[in-house]
Amino acid sequence: MNLPTPQLAIPPVAHDPAFPGAERQVEFVGPPGVGKSAIYHAARARLGRQAIYRTVQEGRLLAATASLDQVSPIRRISYLSAFQLPRVGDVFAKRLAAISSEDSFRQMLHVHGPFLECCIEMARTGFGDAFARFARLPIMLEQLRDLHLWNRLPADVQILQQDALVQKGWASPPSLREAYFSSVPKPGAVVLVAARPGVIVERLRNRGRRISAHAGLDDNELHTATVDAAEAFALAAEHLRRRGVPVLEVNGEDQLSDAAEQVAQFLRIRIPQQEIG
């Protein structure tokens with residue numbers, strides 16, 4: 001099955017405030033079970049250990065290291081020691097980066113009130129039970145904070161993220177999606193992984209576990225939810241292209257090596273293009 005990237009002639013959005021830092025992030029999106037995590041990891045392996053594309057955890061450490069001049073010399077030594085420890089380093093990095101950028105982060109959120117309203121409405125009316133919906137809010141706030149932190153990254157560093165704000169939008173009710181995808185902070189690029197709903201449902205069945213939004217669904221209901229998610233991401237791609245975001249569509253049914261190479265090539269060529277631009 002071929003999933004060509006459509007060339008849509010979509011007019012740009014008239015008023016679309018930037019969220020500085022978001023352009024440093026590449027997001028992998030697609031319906032749950034489509035295979036985006038496997039493609040994400042395989043593409044990263046093909047890119048190798050190089051300085052341009054980093055994980056979120058690596059990005060937080062880099063941003064926190066750039067913030068060390070805002071703490072006392074004694075605390076600086078403590079932070080540097082903590083940064084060397086797995087998981088603990090990530091916790092300390094997030095804490096330092098958050099403290100050092102809280103004021104400017106709050107100011108940025110004021111500019112993006114429409115998106116925050118979408119997040120609140122999604123917590124009220126989105127998919128899943130009340131706990132699952134409410135639990136998304138602190139996660140989304142942390143992801144917004146991460147975008148703000150990317151302003152502190154070295155100029156040549158980009159972040160690869162496989163479960164960020166565009167991905168969260170599929171859990172919103174259909175009536176909210178236009179507003180959500182029109183206001184979500186624009187990433188630097190998006191990799192959209194797609195596959196036939198029947199293939200995705202079979203993968204979810206074989207996985208043996210389900211996300212909270214799929215809990216309690218039988219196979220027919222799961223198929224319906226998967227079709228709905230695919231439609232949500234098609235809408236997301238349309239709105240993101242309209243807003244000037246490059247979107248690469250990848251066939252999740254292709255051989256993993258082929259899909260990973262397609263993504264890796266896409267990521268390799270976009271950096272020179274940005275530098276030229």
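Notes on the structure follow. Here the residue numbering is sequential within each chain, running from 1 through the sequence in written order. Selection of residues for local features in this predicted model requires a pLDDT of at least 70, selection of side-chain atom pairs for listing and counting requires 80 or more, and totals for whole chains, interfaces and linings are taken over all residues. Working from all heavy atoms in the structure, the side-chain values ignore hydrogens and water.

## A word on helix α10 (residues 219–242)
Step number 1: Compared with the 34 Å implied by 1.5 Å per residue over 24 residues, the 35 Å span of α10 between its first and last C-alpha is a close match.
Step number 2: For α10, the N-terminal capping position is held by Asp218, with its side-chain oxygen 3.1 Å away from the main-chain nitrogen of Asn220.
Step number 3: Runs of H or I in DSSP of at least four residues are treated as helices and runs of E of at least two as strands, each being numbered from the N terminus. A positive phi of about 90° marks Gly244, the residue just after α10. Helix span, expected: 1.5 Å multiplied by one less than the number of residues in the helix. Within 3.5 Å is the distance limit for a polar contact, defined as a pair of N or O atoms, with the added protein rule that one can donate a hydrogen and the other accept it, and that residues adjacent in sequence qualify only through two side-chain atoms.

## Points about the pairing of strand β4 (residues 189–194)
Step number 1: With 5 of 6 residues buried, β4 is to be regarded as a mostly interior element.
Step number 2: Here the rule is simple: two strands pair whenever DSSP picks up at least two bridges between them. In the sheet, strand β1 (residues 25–29) pairs with β4 via 4 bridges, with the strands oriented parallel. Counted as the bridge partner of Phe28 is Val191 from β4.
Step number 3: In terms of strand pairing, β4 meets strand β5 (residues 247–251) through 5 bridges, oriented parallel. Considered in β5, the bridge of Val190 is made with Val247. Burial classes follow relative accessibility: with a 1.4 Å probe on protein chains only, a residue under 20% of its type's maximum area counts as buried, one over 50% as exposed, and anything between as partly exposed.

## Observations regarding the packing of aromatic side chains
Step number 1: Between rings of Phe, Tyr and Trp, where Trp is taken as its six-membered ring, a pair exists when centres lie within 6.5 Å; planes separated by under 30 degrees are stacked, by over 60 edge-to-face, and by other angles tilted. Following the criterion strictly, the structure yields 4 aromatic pairs and no others.
Step number 2: Geometrically, the ring pair formed by Phe28 and Tyr40 is edge-to-face, given 5.3 Å between the ring centres and 90° between the ring planes. A residue pair is termed long-range when its members are at least 10 positions apart, and Phe28 in strand β1 and Tyr40 in helix α1 (residues 36–47) qualify at 12 residues.
Step number 3: Relative accessible area serves as the criterion here: at 5%, Tyr40 is assigned to the buried category.
Step number 4: Ring centres of Tyr180 and Phe181 lie 5.4 Å apart, and the angle between their planes is 85°; this geometry places the pair in the edge-to-face category. Assigned by exposure class, Tyr180 and Phe181 land together as buried.

Read these as spatial facts, not as claims about activity.
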